[in-house]
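Okay, here's what each chain looks like letter by letter:
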Amino acid sequence: MNDNKNLKGSCACGKVEYTITDNPLFTQACHCKNCKKSTGSSFVIHTMIFEDDLVVNGEVSSTELPTGSGRGYRAFFCVGCGVYLYCKYKVAQGRIAVRSATLDKPLSPQAHIYVKDKDPWIEIQNQAICFNTMYDREKLWPKESLKRLNQK
Ligand SMILES: [Zn+2]
Ligand SMILES: [Zn+2]
């Protein structure tokens, strides 16, 4: 199956490095307006992992930011270069969303969400994984990931 244990990533200046010690749960691209602002680009790619599986070396700072749901999240940055590496959503206790593009080896999105806000010049080949807003996790996440989620 997918064996992505011990994936490594870092910020732009290299002062912060991290390792994801177990397989990620799911990787998705979000095209919403908040994600455009926070990346300064057309979409973010988030890899969902368990908080216990993230080992960070180096100094990070964090700040609270709003979400569409109003419950907010905490974003973590390298203190040296300011690159946004990962975040914790209030609604997803015990889990972390890592910014996949900071990984040394990229992971392909298994879903695209908020495609209604997608930039018009982006064409996604696999329409089956595109969702106007959000998807139903029970239907889309791999069985193995759902099982691990329920065991936590
Ligand atoms: Zn840095
Ligand atoms: Zn978003």
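We now turn to the structure provided with this report.

Criteria and thresholds
- Residues numbered from 1 in each chain as written.
- Chains lettered and ligands numbered in written order.
- Predicted model: local features only at pLDDT ≥ 70, side-chain atom pairs only at ≥ 80, totals over all residues.
- Buried ≥ 20, exposed ≤ 12 C-beta atoms within 10 Å, placed from the backbone.
- Helix = DSSP H or I, 4+ residues; strand = E, 2+ residues; numbered from the N terminus.
- Pairing = 2+ DSSP bridges.
- Axes fitted to C-alpha atoms, helices over the stretch in contact; angles between N-to-C directions.
- Core = buried A, V, L, I, M, F, W, Y, C linked by C-beta atoms within 7 Å.
- Contact = placed C-beta atoms within 7 Å.

Observations concerning the pairing of strand β6 (residues 60–65)
Put simply, side chains in a regular strand alternate between the two faces of the sheet. Little of β6 sits inside the fold, with zero of its six residues counted as buried. Sheet analysis places β6 next to strand β7 (residues 73–78), joined by six bridges and oriented antiparallel. Counterpart to Glu64 in the pairing with β7 is Arg74.

Here we look at the sheet that holds strand β1 (residues 7–10)
The antiparallel open sheet is built from three strands, whose spatial order is β1-β2-β5. Two strands lie at the open edges of the sheet, namely β1 and β5 (54–57), each paired on one side alone. Taking the axes of each pair of neighbouring strands and ignoring which way they run, one obtains an average angle of 20° across the sheet. Pairing geometry for strand β2 (residues 17–20) and β5, over four bridges, is antiparallel. In the sheet register, Thr19 faces β5, and the bridge partner there is Val55.

Regarding the nonpolar core
Within soluble globular proteins, side chains that are nonpolar generally end up buried alongside one another. In terms of nonpolar packing, the biggest core is built from 21 residues, with Ile49, Leu85, Tyr86, Ala97 and Val98 touching the most fellow members. Residue assignment for this core shows that the elements contributing at least two residues are β2, β4 (44–50), β7, β8 (84–89) and β9 (95–99). Here this core takes four residues from β8, the largest share from any one element. Residues in contact with Ile49, not counting those within four places in the same chain, are Ile20, Pro24, Leu25, Leu54, Arg95, Ile96 and Val98. Judged by nonpolar contacts, the second largest core, of 10 residues, contains Cys32, Val44, Ala111 and Val115.

Considering the sheet that holds β6
On the basis of which strands lie adjacent, the open sheet formed by seven strands has the order β6-β7-β8-β9-β4-β3-β10 and mixed pairing. Where the open sheet ends on each side, the last strands, each with one partner, are β6 and β10 (111–113). In this sheet, neighbouring strand axes are inclined to one another by 30° on average, regardless of whether the strands run parallel or antiparallel. By the bridge criterion, three bridges tie strand β3 (residues 26–30) to β10 in an arrangement that is parallel.

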